[in-house]
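# Structural features, examined
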Amino acid sequence: ENRSPLIIDEKACNGCGKCADACVMNVIEMRDRDDGSKVKVAFVARPADCMFCEACVINCRQIAIMLNAKAGSSMIKSINDNMLKPKKRKFRFLK
């Protein structure tokens, strides 16, 4: 069973990287394709950090990314835990 929060269709992906640029959580990265071509392909590098915001889906003009609903329901608890976790750094205002 696929537990990734995102399903990426590697055949549809054109390697533009807009999905990776749109992801503020850096869940998606670009890697070399398995077929050796020079065009990159998107992959889920940090699935546990996905917040299901759909920024990658919205920015993919190739319609190569979908949210994985089965994984989503099981990851909601971890998302909430991450949101409520105390932050390591405090904001400092510049003078």
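### Observations concerning the overall build of the chain
When helices and strands are counted, the chain shows 3 helices and 4 strands. Counting only contacts in the chain whose residues sit at least 6 apart along the sequence, the fraction spanning at least 24 positions is 55%. For the chain, the computed accessible surface area is about 7400 Å², with 56% contributed by carbon and sulfur atoms.

### What to know about the nonpolar core
Membership of the largest hydrophobic core comes to 16 residues, with the highest contact counts inside it found for L6, C19, V27, I28, A42, C56 and I65. When residues of this core are traced back to their parent elements, those giving at least two are strand 1 (6-8), helix 1 (18-22) and strand 3 (40-44). Sequence-distant contacts of A42, defined by excluding residues within four places in its chain, comprise I8, C13, C19, I28, E29 and M30.

### Thoughts on the side chain of S4
Inspection of the secondary structure puts S4 in the segment before strand 1. Among the polar contacts listed, one links the side chain of S4 to the backbone oxygen of L6, at a separation of 2.9 Å. If we ignore the near neighbours within four places in the chain, the residues touching S4 are V44, N68 and A71.

### Brief notes about the side chain of N68
Positionally, N68 belongs in the loop between strand 4 (65-67) and helix 3 (69-84). Polar side-chain contacts of N68 include one of 2.9 Å to the backbone oxygen of S4.

### Details of the confidence of the model for the chain
Caution applies to low-pLDDT regions: their predicted coordinates should not be interpreted in detail. Overall, the prediction assigns the chain a mean pLDDT of 85, with 75% of residues at 70 or greater. Of all helices and strands in the chain, the one with the weakest mean pLDDT is helix 3 (66), whereas helix 1 scores best (97).

### Some points on unusual backbone geometry
For N26, which is not glycine, the phi dihedral falls at a positive 55°. A positive phi angle is found at F52, which is not glycine, with a value near 55°. Along the chain, the position of F52 falls in the loop between strand 3 and helix 2 (55-59).

### Details of the environment of V57
Residue placement: V57 occurs in helix 2. Look at V57 and you get partly exposed, because its relative accessible area is 24%. The spatial distance from the C-alpha of V57 to the C-alpha of K18 is 9.7 Å, given a sequence separation of 39 residues. Leave out the neighbours within four places in its chain, and V57 touches I65, M66 and L67.

Rules behind the numbers
- Residue positions are given per chain, counting from 1 as you read along its sequence in written order.
- Where totals are concerned, whole chains, interfaces and linings use all residues; where local detail is concerned, this predicted model gives features only for residues with pLDDT of at least 70, and gives and counts side-chain atom pairs only at 80 or more.
- Side-chain metrics in this entry use all non-hydrogen atoms of the structure; hydrogen atoms and water are not considered.
- Only DSSP runs of H or I with at least four residues qualify as helices, and only runs of E with at least two residues qualify as strands; both kinds are numbered from the N terminus onward.
- The criterion used for residue contact is that any of the two residues' heavy atoms lie within 4.5 Å.
- Here the open area of atoms and residues is found with the Shrake-Rupley method and a 1.4 Å probe, where only the protein chains shown may cover a residue.
- Put simply, a nonpolar core is a bunch of buried Ala, Val, Leu, Ile, Met, Phe, Trp, Tyr and Cys residues held in one set by side-chain atoms that sit within 4.5 Å of each other.
- Relative accessibility thresholds used throughout: buried, under 20% of the residue-type maximum; exposed, over 50%; partly exposed, between the two (1.4 Å probe, protein chains only).
- Contacts described as polar in this section are N or O atom pairs within 3.5 Å, which, within protein, must combine one atom able to donate a hydrogen with one able to accept it, while residues neighboring in sequence count only if both atoms come from side chains.
- pLDDT expresses, on a scale from 0 to 100, how confident the predictor is about each individual residue.

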